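# Survey of secondary and tertiary structure
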Amino acid sequence: MLLALSSVMNLSHIASCGKALFGFPNRPLVGNLRTLTLLSFSSSQCCSSSCRMFPPSKDLDGLLPLTRKTQKPGLRRWEEARSFSILATQATATNSKQSLFFADAGIQRATELRTDSAWLASAFSRKDALVVPMIGMKNMVNSGKAVYISPSSLPGIGHGDAIFLGLSEDKLPIFVVNVEDLSSTDEVKEALDKGAEWVDVKKYGPSLSAYEAGLLAYARGMIEWHSRHQHCGRCGSKMEMSEAGHSLKCTNSDSCGRLSYPRMDPAVIMLVTCGNYILLGRQARWDLGRYSLLAGFVEIGETFEMAVARETKEEAGVTVESDSVRYESSQPWPFPSSLMVGFHCAAVKNKCEPYNGLEAHGDAVPVGIERVPEVDEVNALPRPAVDVHELEDAKWIHRTFLNAVLLGEPLPHGQVFNVPGNYAIANRLMQSWVKAENARDVQWAGSEVPTVDIDEGTFKYVLINIEDDQGHQKLLVRGRKALPYHSDIFEQTRKSLKELGLNLQVSQLGGGRIDHNPDQRTLLVYSSSQAFGQADHTVTSALLRQAYALHTFTISWDP
Ligand SMILES: [Zn+2]
């Protein structure tokens, strides 16, 4: 096992260090008959000295305006989807400027009126005052809209029994009342007869407007707080409403009289990145393929930044760069009383072992590519070590893959993978990151050519380099079950790029075979090409990993 691990790290370094990468077209890089699992080591097994890291391939200064490209005929489905991904992400990200769901967009809280009994009494007697009815923790809705009732329809309820939420956009006073004992009133019955239903707004929220989702969540949070604080936490006496429901006062006025206010529980939610990869986790009870950002509650005596680092380490075993934690945005999550505070931070990169055996392969044949940042990036990913009490799994997901997921594009070979919808801060944080990173990509003729396009089953593959006359360059993996020779695959790729009108230099960097089992989610990269020599399967695997997020990768150097 140790031998295998050390071989992986040596290979990793070959892949990340200079011209030696593609220097051995006709021989394996290390001894034959050795099958290795990609990245099957933890960072703690590596030596402390870092290998030479190359700068990223993308030109950070080269921001170009993104324009819609004409759809090119002949692109496969994955390719078609990708062609529009950047533009569509821009559009989605524009939507993210809207208020987050469950925030009270547009409500004036009018806090100064909470202690004005005369005004509250007058407001509650208005015919146009709005009451948000609740039963337990359920809100009333009808066909994607909140249902309101009038205060006069609630027998025996005065303004002292209702919680004042604030003023609507039209300056109408809004209250929330628990109508559990009043559900037989005419107005409630009438609403139900017209198709209204009692729903959990946490689930139903995305069907509502942002304004109403925020209002109903606010109403529910207040009702829930009241239901949990009916007795004094100090002396156990009954509590009574004050400040229009925004505080509760202990009725034991002689020896206690404690005041209690609604409190939020701050929870951090973090977008942890490592280069172009993002750390996502899933809980066992979630739907198939659902992944999201890591999150957790802030503990007493902690800063947000500390909580981000602690939770990431506890849940996924990943260490966060201490000075990288940056606030992004927040979202109320009053189910019952959380405030999600969103951060972006960077993981401490894995350090690979310096390679010291390059001279043993002295007859390297340079093929014009001096570095493969995609391999550096995969090697830099710290291996998640999941806390099984909290998570079932944690994975590093490539930006290209996440982009497709956020856009709802079909994933290659029916991979099932999804993230929370855009009502959730997790989604907004991901959208924001993908958009910002996409904007940094230098656009050139090869930008929209998909990196990976392979079949399933067992087939030959070719590692291909494309570049333009400006020095932009990209590697592709192409594998076809129907084509018997590596040269057929290469020629077909060259021909299709030409048909798309892309003026690119296309060259092969060796070949091999792939066993691809989508059901088992496995990819084995092995063998070589008689005509082209053996491709660097480490590079191939790093590229495949971008498109097959949940697969297990295995490399064999057996020719
Ligand atoms: Zn008390």
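Owing to the predicted nature of the structure, the values given are computational and were not obtained by experimental measurement.

Another aspect to go through is the pairing of strand S16 (residues 393–398). Burial of S16 is extensive: 5 of the 6 residues sit out of reach of the surface. Where strand S12 (residues 277–282) meets S16, 6 bridges bridge the pair, whose relative direction is antiparallel. Its bridge partner lying in S16, leucine 280 is registered against lysine 395.

It should be kept in mind that the predicted coordinates are not to be read in detail where pLDDT is low. Per-residue pLDDT for the protein chain averages 81, and the proportion of residues at 70 or more is 78%. The low-confidence segment residues 1–97, where pLDDT is below 50, has 203 contacts with residues more than four positions distant or belonging to other chains. The low-confidence segment residues 353–368 (pLDDT under 50) makes 25 contacts with residues lying over four places distant or belonging to another chain.

The subject of this paragraph is the packing of aromatic side chains. Tallying each qualifying case throughout the model produces 12 aromatic pairs. With a centroid separation of 5.2 Å and an interplanar angle of 90 degrees, the aromatic rings of tryptophan 333 and phenylalanine 335 are classed as edge-to-face. In this structure phenylalanine 335 comes out as buried when scored by relative accessible area, which is 9%. Note on phenylalanine 401 and phenylalanine 417: the rings are 5.2 Å apart at their centroids and 85 degrees apart in plane angle, and the pair reads as edge-to-face. Residue phenylalanine 401 is found in helix H10 (residues 399–406), and its partner phenylalanine 417 is found in the loop between H10 and helix H11 (425–440); the two are separated by 16 residues along the sequence. On the basis of relative accessibility, which here comes to 1%, the residue phenylalanine 401 falls in the buried class. Phenylalanine 417 gets classed as buried once you look at its relative accessible area, which sits at 7%. Pairwise contacts between aromatic rings join Phe101, Phe102, Trp333 and Phe335 into one cluster. Between arginine 109 and the ring centre of tyrosine 218, over which it is positioned, the NZ or CZ distance is 4.0 Å.

Following the UniProt record, one finds the feature "active site" (unreviewed entry) at His486. Inspection of the secondary structure assignment puts histidine 486 in helix H12 (residues 486–499). Sequence-distant contacts of histidine 486, defined by excluding residues within four places in its chain, comprise Lys460, Tyr461, Val462, Gly511, Gly512, Ser528, Ser529 and Phe532. Here tyrosine 461 takes part through its backbone oxygen, which lies 3.5 Å from a polar atom of the side chain of histidine 486.

Taking 1.5 Å of rise per residue, the 16 residues of H11 would be expected to cover 22 Å, and the 23 Å separating its terminal C-alpha atoms lies within 8% of that figure. Along H11, the residues classified as buried are Ile425, Ala426, Asn427, Arg428, Leu429, Met430, Gln431, Trp433, Val434, Glu437 and Asn438.

On to the nonpolar core, then. Counting residues in hydrophobic clusters, the biggest one holds 45 residues, and the most contacted among them are Leu279, Trp396, Ile454, Leu463, Val477, Ile514 and Leu544. Here the element with the most residues in this core is helix H13 (residues 537–547); it accounts for 5 residues. Looking at which domains feed residues into this core, each of domain 1 (2–71 + 444–556) and domain 3 (265–347 + 382–440) gives three or more. Judged by nonpolar contacts, the second largest core, of 27 residues, contains Leu130, Val141, Val201 and Leu216.

Cis rather than trans, the peptide bond between phenylalanine 335 and proline 336 has omega equal to 10 degrees. The topology assignment puts proline 336 in the loop between strand S14 (326–333) and strand S15 (338–346). You will see that alanine 244, though not glycine, has its phi angle at about 55 degrees, which is positive. Assignment of secondary structure puts alanine 244 in the loop between strand S8 (239–242) and strand S9 (247–250). Backbone geometry at arginine 521 places phi at a positive 55 degrees, although glycine is not the residue there. By the secondary structure assignment, arginine 521 is in the loop between strand S20 (505–517) and strand S21 (522–526).

As a further point, take the coordination of the zinc ion. The protein atoms donating to the zinc ion are Cys232 (SG), Cys235 (SG), Cys250 (SG) and Cys256 (SG), with metal-donor distances spanning 2.2 to 2.3 Å. One can describe the donor arrangement at the zinc ion as tetrahedral, given that its 4 donor atoms subtend angles of 95 to 114 degrees at the metal. When the donor residues of the zinc ion are listed from N- to C-terminus, their spacing reads C-x2-C-x14-C-x5-C. Remark: cysteine 250 occurs in strand S9 and cysteine 235 occurs in the loop between helix H7 (210–228) and S8; sequence separation between them is 15 residues. Cysteine 235 sits in the partly exposed class, given a relative accessible area of 35%. By relative accessible area, cysteine 250 is classed as buried at 2%.

Moving on: a positive patch on the surface. Taken together, Lys138, Lys202, Lys203 and Arg285 make up a surface patch of like positive charges. Within the secondary structure layout, lysine 203 lies in helix H6 (residues 201–204).

Attention now goes to helix H4 (residues 117–125). The periodicity of an α-helix, 3.6 residues per turn, causes residues three or four positions apart to be oriented the same way. Those residues of H4 that fall on the buried side of the exposure criterion are Leu120, Ala123 and Phe124. Down the axis, H4 shows its buried residues gathered within 95 degrees of arc, on one side only. In H4, the exposed positions that point more than 90 degrees away from the buried face belong to Ala118 and Ser125.

Analysis parameters
Residues numbered from 1 in each chain as written. Predicted model: local features only at pLDDT ≥ 70, side-chain atom pairs only at ≥ 80, totals over all residues. Heavy atoms only, no water. Buried < 20%, exposed > 50% of the residue type's maximum accessible area, 1.4 Å probe, protein only. Helix = DSSP H or I, 4+ residues; strand = E, 2+ residues; numbered from the N terminus. Pairing = 2+ DSSP bridges. pLDDT = per-residue confidence, 0-100. Contact = heavy atoms within 4.5 Å. Phe/Tyr/Trp six-rings, centres within 6.5 Å; stacked < 30°, edge-to-face > 60°. Lys NZ or Arg CZ within 6 Å of the ring centre and 35° of its normal. UniProt positions renumbered as here; feature names shortened; annotations may be inferred. Polar contact = N/O pair within 3.5 Å; in protein donor to acceptor, adjacent residues only side chain to side chain. Expected span 1.5 Å × (residues − 1). Core = buried A, V, L, I, M, F, W, Y, C linked by side-chain atoms within 4.5 Å. Domains from an automatic or database assignment. Donors = N, O, S within 2.8 Å, 3.2 Å for Na, K, Ca; no water. Tetrahedral: all angles 85-135°; square planar, octahedral: opposite > 155°, others 65-115°. Patch = residues over 30% accessible without salt bridge, like charges linked within 9 Å, V, L, I, M, F, W, Y side chains within 5 Å. Areas by Shrake-Rupley, 256 points an atom, 1.4 Å probe, with all protein chains shown as cover. Salt bridge = Lys/Arg side-chain N within 4 Å of Asp/Glu carboxyl O. Lys, Arg positive; Asp, Glu negative; His and termini not counted. Charge placed at Lys NZ, Arg CZ, Asp CG, Glu CD. Arc of directions from axis to C-beta.

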